[in-house]
Amino acid sequence: MRSNLAGPRLLLRRLREVMAEPITAQERLDKIVVLIASNVVAEVCSVYILRADGVLELYATEGLNREAVHQASLRVGQGLVGLIAAEARPLNLPNARAHPGFTYLPETGEDAYNSFLGVPILRAGRTLGVLVIQNKSHRTYLEDEVEALQTTAMIIAEMVAAGELEAIAQKKTGLDLSRPIHQTGVALAEGVGLGHVVLHEPRVVVTNLIAEDSEAESIRLDGAIGRLRLSIDDLLASGDIAASGEHREVLEAFRMFAHDRGWIRKIEEAIRNGLTAEAAVEKVQSDTRARMLRQTDPYLRERLHDLDDLAHRLIRELMGRQHGSLSSELPQDAIIVARNMGAAELLDYGRDRIRGLVLEEGGPTSHITIVARALGIPLVGQVDDIVSLADAGDAIIVDGEAGEVHLRPATDVELAYSEKVRFRARRQAQYRRLRTKPSVTKDGIDISLQMNAGLLVDLPQLAEAGAAGVGLFRTELQFMVALSFPRMKEQQAQYKQVLEAANGKPVTFRSLDIGGDKVLPYLRSIQEENPAMGWRALRLGLDRPGLLRTQIRALLTAATGKELKLMFPMVAEVQEFVHARSLVEKELSHLRKHGYDVPETIRLGVMVEVPSLLFQMDELLTQVDFISVGSNDLFQFFCAADRGNTRVADRFDTLDVGFLRALKTIVDKAREYHVPVTLCGELAGRPLQAMALLGLGYRDLSMSPASLGPVKAMLRTLDLGRLSARMLPRLEPGHPEANIREFLLRYADDTNVEL
């Protein structure tokens, strides 16, 4: 039911005058509660603000005992005010005393009042306080009165966000908007970063809240919605968007919401009540977000993200702002905070200014994770609602080792992490001093330490880290950051630049490993129940030989006069390699026939990452020039444990005796056939695991550039002959001490091996 009063519109006009007055924050709040009480004919109007310690403090009142201001308080969840804060929704009661949640505060003198209306003070769906009106009579407040209170609450929320109320805070705890927040997510890329928040898609701050002309605002809204709908339709109709897949589904959801009359009707209603068009969009979305955040249904939570995106786009359209952010405006210590982002978007930022990355989504095998690891950027993913909790410029700490994020950290936390960063810096300086030292064990055994790479920006680290070469160059990263499939000439230019940047050091290219979890946005994806074991890598390449032959030709022409080392991933049987080798021979014949120069030498190999190859080693090693053990996938398939699944990823130990026996079988067979063998993957980059690999007989390891220093420091303090003599018997069946991890830790401690 609605009243015939001017209600919210009249209130907003008077509030605009109060907001423009040069008075203190307390005086402004006092005037606001008087205005509300008179506008909706209420005997009481009170403002409660949420403190950093989770307590709602009375900040202003008209009708209650004024001496209770800054003295009366309730915890979140306590009383009717606490209930509104906890649930982030209005409460409209004709008889407040009858409600089971009613709590009497004697210092306020509110015992005479019966009817009660309270609304949350929201900003971006986050509760900052509660606004209340009360009357002695038993009545249910009208829709206009609820609307008036919600609109005023929005203005108070901006006062809180602007820091205006900090000046009158009576407690040392401060307000909730500035309180420290500790969030736990999933560690995706190692490292620790201290810096300040940069929102990848920054929220446009709406400062013009109160409309001069509601009719003009409605016209602005209609125009902006029309332009938004047209832009979405154009994107869906363009050839840049695949006929199906995740990108199209997101845009289809946008189009559905952009045409939703219920959503638009709520915005129009807020405009009729006196808000500007952009303030109306923000109000409706904040209300929607607060309500949907309480939902547990993952589908509804996902739809919330879609609505957030659409609302932000519409606000930008109304305010004439461009979509996205400029890397030129980054602070020197930027921590990028985003719901999610593409690999190419990360590369748009200035790498030298980024100290970390925090995502609401993201997983261990997502594109952004792969690129962040390659760039050495600490990354924590799956951090709930971090985009809403963070404001641009907030201090933030990203712990990519523990999977923790500290937003607006307390001084002691910041000091502890500063010391941690200094310690890491000292260790890194120590490792840099080792880069020119030989990779030789204490007992004189040479070890080749190479690095993994996937982008041109990785290559400077070849010299900086002192790597012997690139043991794994992931060619798919070029495809993942491109907007369309790279043509042969583009691929050729990339591979040529890689070889030139290597400056004579060996580079082992891995052919395109797409499919499964690495879906390219411009290629139609296939839905599979087990994508990691599905149509991916060489399987896809052999079924679509045009893709593979284009890449092979690009590699052959890029390596003219040099050595080309190329290996094929996801080989499950020897004939797959034989087939791939025949494609290389066909491309080689084609180039020679047409007078093109070719590489001086060509060496072809296989990534051993599918367990079936362990039972074909004799046949395989007579066909290949080298092999490389892909420890990540091999362990995943060996234990039937998806490394992207947090429930099982850490269930099995990579130093399990069974897995180590499999690795020893590979290195022993390779030595028997005099075929070079390298092990690449996360296993090689961890000093303890690398020590085990050396004990098994591996002499060539490839890892991330950041891991080279710690592994080299370890092996230079290791007597490898002594280690092997003590470790290998423990792999034999029936040995009483089969816990290799415990043995290695004890051995390192006893012999002063640096881990």
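Model, not experiment: these values are computed from the prediction. (Residues numbered from 1 in each chain as written. Predicted model: local features only at pLDDT ≥ 70, side-chain atom pairs only at ≥ 80, totals over all residues. Heavy atoms only, no water.)

Q: It is not clear to me how the overall build of the protein should be interpreted in this structure. Could you clarify?
A: Scanning the protein from terminus to terminus reveals 26 helices and 22 strands. Once local pairs closer than 6 in sequence are excluded, the contacts in the protein between residues at least 24 apart make up 66%. When the accessible surface of the protein is split by element, carbon and sulfur atoms take 50% of a total near 32,600 Å². (Helix = DSSP H or I, 4+ residues; strand = E, 2+ residues; numbered from the N terminus. Contact = heavy atoms within 4.5 Å. Areas by Shrake-Rupley, 256 points an atom, 1.4 Å probe, with all protein chains shown as cover.)

Q: Whenever I open this one, the nonpolar core confuses me. Can you help?
A: A general tendency of soluble globular proteins is for nonpolar side chains to be buried together. Counting residues in each nonpolar core, the largest one holds 96 residues, and the members touching the most others are Phe509, Ile627, Leu663, Ile666, Tyr698, Leu701 and Leu744. In this view, Leu663 contacts Val629, Leu634, Leu679, Leu683, Leu693, Leu696 and Tyr698; residues no more than four positions away in its chain are not counted. (Core = buried A, V, L, I, M, F, W, Y, C linked by side-chain atoms within 4.5 Å. Buried < 20%, exposed > 50% of the residue type's maximum accessible area, 1.4 Å probe, protein only.)

Q: Quick question: what am I supposed to make of helix H23 (residues 687–696) here?
A: Given 3.6 residues to a turn, an α-helix orients residues that are three or four positions apart in the same direction. The element H23 is extensively covered by neighbouring structure, given that 10 of its 10 residues are classed as buried. When we look at burial in H23, the residues that qualify are Pro687, Leu688, Gln689, Ala690, Met691, Ala692, Leu693, Leu694, Gly695 and Leu696. Check the buried side of H23 and you find it contacts helix H22 (657–672), strand S21 (677–680), strand S22 (700–703), helix H24 (705–715), helix H25 (720–727) and helix H26 (740–751). Backbone geometry just after H23 places Gly697 at a positive phi near 125°.

Q: Looking at this structure, I do not really get unusual backbone geometry. What am I missing?
A: The bulk of non-glycine residues show a negative phi, and the bulk of peptide bonds are trans. For His70, which is not a glycine, the phi torsion comes out positive at approximately 65°. For His70, a relative accessible area of 9% gives the class buried. Despite not being glycine, Asn503 has its phi angle at roughly 55°, a positive value. Looking at the secondary structure, you find Asn503 in the loop between helix H16 (488–502) and strand S17 (507–510). Residue Asn503 is classed as exposed on the basis of its relative accessible area of 69%.

Q: Got a minute to help me understand the environment of Gly320 in this structure?
A: Within the secondary structure, Gly320 sits in the loop between helix H9 (298–319) and strand S10 (334–338). A relative accessible area of 61% means that Gly320 is categorised as exposed. In this structure the C-alpha to C-alpha distance between Gly320 and Ala224, which are 96 residues apart in sequence, comes to 9.6 Å.

Q: Got a minute to help me understand the packing of aromatic side chains in this structure?
A: The description of an aromatic ring pair uses the distance of the two centres, along with the angle that the planes make with each other. Enumeration over the complete set of coordinates arrives at 6 aromatic pairs. Consider the rings of Tyr495 and Phe509, whose centres lie 5.6 Å apart with planes at 65°: the pair is edge-to-face. Of this pair, Tyr495 sits in helix H16 while Phe509 sits in strand S17, and the two are 14 residues apart along the sequence. A network of ring pairs unites the aromatic residues Phe473, Tyr495 and Phe509 as a single cluster. (Phe/Tyr/Trp six-rings, centres within 6.5 Å; stacked < 30°, edge-to-face > 60°.)

Q: What am I meant to see in the pattern of salt bridges here?
A: Once their charged atoms are close, side chains differing in charge can pair, the charge on each being opposite to the other. Summed over the entire model, instances satisfying the criterion amount to 30 salt bridges. The shortest N-O distance in the salt bridge between Glu87 and Arg89 comes to 2.8 Å. With a relative accessible area of 30%, Glu87 lands in the partly exposed category. Note that Lys420 and Asp399 form a salt bridge whose closest N and O atoms lie 3.3 Å from each other. Here Lys420, found in helix H13 (residues 411–434), pairs with Asp399, found in strand S13 (residues 395–399); they are 21 residues apart in sequence, far enough to count as distant. Connected through salt bridges with shared partners, the residues Arg51, Asp53 and Glu57 form a single ionic network. (Salt bridge = Lys/Arg side-chain N within 4 Å of Asp/Glu carboxyl O.)

Q: Before we go on, may I ask you to explain the sheet that holds strand S7 (residues 181–184) in this structure?
A: Strand pairing in a sheet relies on backbone hydrogen bonds, with the paired strands running either antiparallel or parallel. Here 8 strands make up an open sheet; going across it, the order is S7-S14-S13-S9-S10-S11-S12-S8 and the pairing mixed. One side of each edge strand has no neighbouring strand; the edge strands of this open sheet are S7 and strand S8 (186–189). Averaged over all pairs of adjacent strands, the angle between their axes in this sheet comes to 30°, without regard to strand direction. For strand S11 (residues 354–359) and strand S12 (residues 379–381), the ladder comprises 2 bridges, and the chain directions are parallel. Within S12, the position partnered with Val358 by the bridge is Val380. Running at roughly 120° to strand S9 (residues 192–199), H13 makes contact with S9, S13 and strand S14 (404–407) of the sheet. (Pairing = 2+ DSSP bridges. Axes fitted to C-alpha atoms, helices over the stretch in contact; angles between N-to-C directions.)

Q: Any chance you could explain the side chain of His406 here in plain terms?
A: Secondary-structure assignment places His406 in strand S14. Here Tyr417 takes part through its side chain, which lies 3.5 Å from a polar atom of the side chain of His406. With sequence-adjacent residues up to four places away left out, His406 is seen in contact with Ile181, His182, Ala395, Ile396, Ile397, Val413 and Tyr417. (Polar contact = N/O pair within 3.5 Å; in protein donor to acceptor, adjacent residues only side chain to side chain.)

Q: What is the right way to read the packing of H23 against H26 from this model?
A: When two helices pack together, their arrangement is captured by the angle between the axes and the distance separating the axes. Where H23 meets H26, the axes come as close as 10 Å, and the angle between the chain directions of the two elements is 100°. Taken together, the axis directions place H23 and H26 in an arrangement best described as roughly perpendicular. On H26, the residues that touch Leu688, Gln689, Met691 and Ala692 of H23 are Arg741, Leu744, Leu745 and Ala748. Tallied by class, the residues present in the contact of H23 with H26 amount to 6 nonpolar, 1 polar and 1 charged. (Parallel < 35°, antiparallel > 145°, perpendicular 65-115°, else oblique. Nonpolar A, V, L, I, M, F, W, Y, C, P; charged D, E, K, R; others polar.)

Q: Can you walk me through the sheet that holds strand S6 (residues 126–135) in this structure?
A: Read from one edge to the other, the open sheet built from 6 strands follows the order S3-S2-S1-S6-S5-S4, with strand pairing classed as antiparallel. Both outer strands of the open sheet, strand S3 (73–75) and strand S4 (91–93), are each paired with one neighbouring strand and no more. Adjacent strand axes in the sheet meet at a mean angle of 20°, parallel and antiparallel pairs treated alike. The sheet contact formed by strand S2 (residues 55–62) and S3 spans 3 bridges and is antiparallel. Across the sheet, the residue bridging to Val55 is Arg75, located in S3. Together, strand S1 (44–50), S4, strand S5 (115–123) and S6 form the strand contacts of helix H4 (residues 143–161), whose direction differs from that of S5 by roughly 40°.

Q: I'm lost on the packing of H23 against H24 in this one. Help?
A: Relative to each other, H23 and H24 sit at 50°, their axes nearing to 9 Å. Judged by the inter-axis angle, H23 sits oblique to H24. When the axes of H23 and H24 are compared, the crossing they make is right-handed. Each of Pro687, Ala690, Met691 and Leu694 in H23 lies in contact with H24, whose residues at this interface are Pro710, Val711, Met714 and Leu715. Across the contact of H23 with H24, the residue classes tally to 8 nonpolar, no polar and no charged. (Left-handed = near helix turned anticlockwise from the far one by under 90°.)

Q: Honestly, the pairing of S11 in this entry has me stumped. Any pointers?
A: It is a general feature of regular strands that their side chains alternate between the two faces of the sheet. Taking burial as the measure, the 6 residues of S11 include 5 buried ones, the bulk of the element. By the bridge criterion, 5 bridges tie S10 to S11 in an arrangement that is parallel. Looking at the pairing, Val337 lines up with Val358 of S11.

Q: For this particular structure, what's the right way to read the confidence of the model for the protein?
A: In low-pLDDT regions, the fine details of the predicted coordinates are not to be read closely. For the protein, the mean per-residue pLDDT works out to 84, and 86% of the residues sit at or above 70. The low-confidence segment residues 1–6 (pLDDT under 50) makes 9 contacts with residues lying over four places distant or belonging to another chain. Segment residues 239–247 is flagged for pLDDT under 50; beyond a separation of four residues in sequence, or across chains, it makes 9 contacts in the model. (pLDDT = per-residue confidence, 0-100.)

Q: In this structure, what is going on with H4? I would like to understand it.
A: Along its 19 residues, H4 runs 27 Å from first to last C-alpha, staying within 8% of the 27 Å computed at 1.5 Å per residue. Most of H4 sits out of view: 17 of its 19 residues are buried. Two residues or fewer after H4 comes Gly163, characterised by a positive phi angle close to 80°. (Expected span 1.5 Å × (residues − 1).)

Q: Honestly, the environment of Leu512 in this entry has me stumped. Any pointers?
A: With respect to the helices, strands and loops of the structure, Leu512 is situated in the loop between S17 and helix H17 (537–543). For Leu512 and Leu477, which are 35 residues apart along the polypeptide, the C-alpha to C-alpha distance reads 8.9 Å. With residues near it in sequence (within four places) discarded, Leu512 still touches Thr475, Glu476, Phe479, Phe485, Ala537, Gln551 and Pro569.

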